[in-house]
Amino acid sequence: MSINNRIAILGNSMSWSLEASYQRAFTSLGYTVTIIDVPQRIKAKLPFSRIMSRLRNVLNDRKWLKEANRQIAIDILELKPKVVIVFCNAEILFNTLALLKVAADTQIVLIWPDTPFNISPEVRLAAPLYDLVCSYSSAAIPVFETMGFRNVIWLPLAADPHLHGMETPPNEFAYDISFIGHWRPEREAALSVISKTFKDQRIKITGLFWKENVKDKSILDHLNPTALNGRSYTDFIYQSYINLNIIDQTNFPSANMRFFEVPVAYGFQLSSSCPEQDSIFIENEDIMYFKDHDQLIEKAL
């Protein structure tokens with residue numbers, strides 16, 4: 001009798017996505033992994049898809065969403081995977097999971113790599129249908145259980161060495177202090193202090209939504225208003241003497257992906273407090289932490 005080693009991943013198929021990292025990891029363990037790209041499936045159902053994909057958030061798109069989910073369910077029934085893994089807020093209707101529970105001999109897993117603040121109503125509705133939930137935050141486990149999810153475990157984030165691994169330390173640096181991330185008010189506040197204190201240093205900030213929101217216009221002198229992914233992201237870390245990690249406040253007390261990607265890319269990291277990891281990533285050995293702007297400046301000196 002052959003062993004069913006098939007896994008279906010529902011999410012994003014971009015090479016730099018978390019889903020692709022899981023695919024590589026499972027494949028290395030001998031599993032046959034198929035990623036069903038949910039956003040692309042939904043987009044394919046939209047008439048005049050290029051225009052409608054921009055409008056669907058303000059329209060009643062349940063018809064297109066249901067059509068895409070129906071085809072996804074049929075594909076899974078034909079694939080007959082041992083496990084179906086849904087990533088974060090992938091637009092999988094609870095109706096689809098209910099059908100799989102009836103018609104497929106498979107386990108359904110939710111990978112939740114994000115703050116509970118971002119849980120969509122659709123994911124919440126499907127709570128009883130998941131056989132396992134993997135939360136990036138141990139602190140969030142009781143919250144998931146309260147919402148009706150079963151078998152919730154802590155599965156911290158990690159770095160994909162295929163994407164971000166560097167074998168040797170850098171010989172020189174293009175930047176003295178750098179930050180990767182989209183605009184947030186707490187990030188602007190910290191970077192404003194940095195830019196004013198270290199005027200003679202090479203500071204570089206890369207990310208989106210800064211131009212539209214930033215109040216301290218001096219920050220724009222250091223801004224590259226793009227999102228970095230894959231190897232360009234890794235190269236930026238590798239070229240930076242100090243990599244700031246200002247973790248989004250909604251992630252507290254947990255880590256973000258950058259927390260793990262900086263060290264695997266041979267980068268030095270100065271991170272805001274992360275209580276969930278500070279017994280694993282040790283202060284002054286693996287990392288440096290700051291609790292406020294005074295500590296930020298003190299440790300960046």
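The shown structure was predicted, so the numbers you read here are calculated from the model rather than taken from an experiment. (Residues numbered from 1 in each chain as written. Predicted model: local features only at pLDDT ≥ 70, side-chain atom pairs only at ≥ 80, totals over all residues. Heavy atoms only, no water.)

Regarding the packing of helix 4 (residues 62–79) against helix 5 (residues 94–103)
Keep this limit in mind: Here an angle of 0 to 180 degrees is reported between the N-to-C directions of two axes, which are lines fitted to C-alpha atoms, with helices fitted over the stretch in contact. Here a helix means four or more residues in a row that DSSP labels H or I, a strand means two or more in a row labelled E, and each is numbered from the N terminus. In this scheme, roughly parallel covers angles under 35 degrees and roughly antiparallel covers those over 145, while 65 to 115 is roughly perpendicular and the rest are oblique. Handedness of a crossing is defined here by the sense of rotation of the near helix relative to the far one, left-handed for an anticlockwise turn of less than a right angle and right-handed for a clockwise turn. Whether two residues touch is decided by their heavy atoms; if any such pair falls within 4.5 Å, the residues are in contact. Three residue categories are used. Nonpolar comprises Ala, Val, Leu, Ile, Met, Phe, Trp, Tyr, Cys and Pro, charged comprises Asp, Glu, Lys and Arg, and polar comprises the others, including Gly.
Their axes nearest at 10 Å, the elements helix 4 and helix 5 cross at an angle of 25°. Taken together, the axes of helix 4 and helix 5 are roughly parallel relative to one another. Judged by the twist between their axes, the crossing of helix 4 over helix 5 is right-handed. Contacts between helix 4 and helix 5 pair Asn69, Ala73, Ile76 and Leu77 from the former with Thr96, Leu99, Leu100 and Ala103 from the latter. Here the residues of the contact of helix 4 with helix 5 sort into six nonpolar, two polar and no charged.

Re the sheet that holds strand 11 (residues 269–272)
Worth spelling out the cut-off: Pairing between two strands is assigned when DSSP locates at least 2 bridges connecting them.
Taken in spatial order, the six strands make up an open sheet running 9-8-7-10-11-12, and their pairing is parallel. Looking at the sheet topology across the chains shown, the edges are occupied by strand 9 (223–224) and strand 12 (288–290). Packed onto the sheet, helix 11 (residues 230–238) meets strand 7 (175–180), strand 8 (203–206) and strand 10 (240–245) and runs at close to 140° relative to strand 7.

With respect to the packing of helix 9 (residues 185–197) against helix 13 (residues 293–300)
For the pair helix 9 and helix 13, the least separation of the axes is 10 Å and the interaxial angle reads 45°. In terms of orientation, helix 9 and helix 13 fall into the oblique class. The handedness of the crossing between helix 9 and helix 13 comes out as right-handed. When helix 9 is examined against helix 13, the residues Ala189, Ala190, Val193, Ile194 and Thr197 are found in contact with a partner set consisting of His293, Leu296, Ile297 and Ala300. A per-class count over the contact of helix 9 with helix 13 returns seven nonpolar, two polar and no charged.

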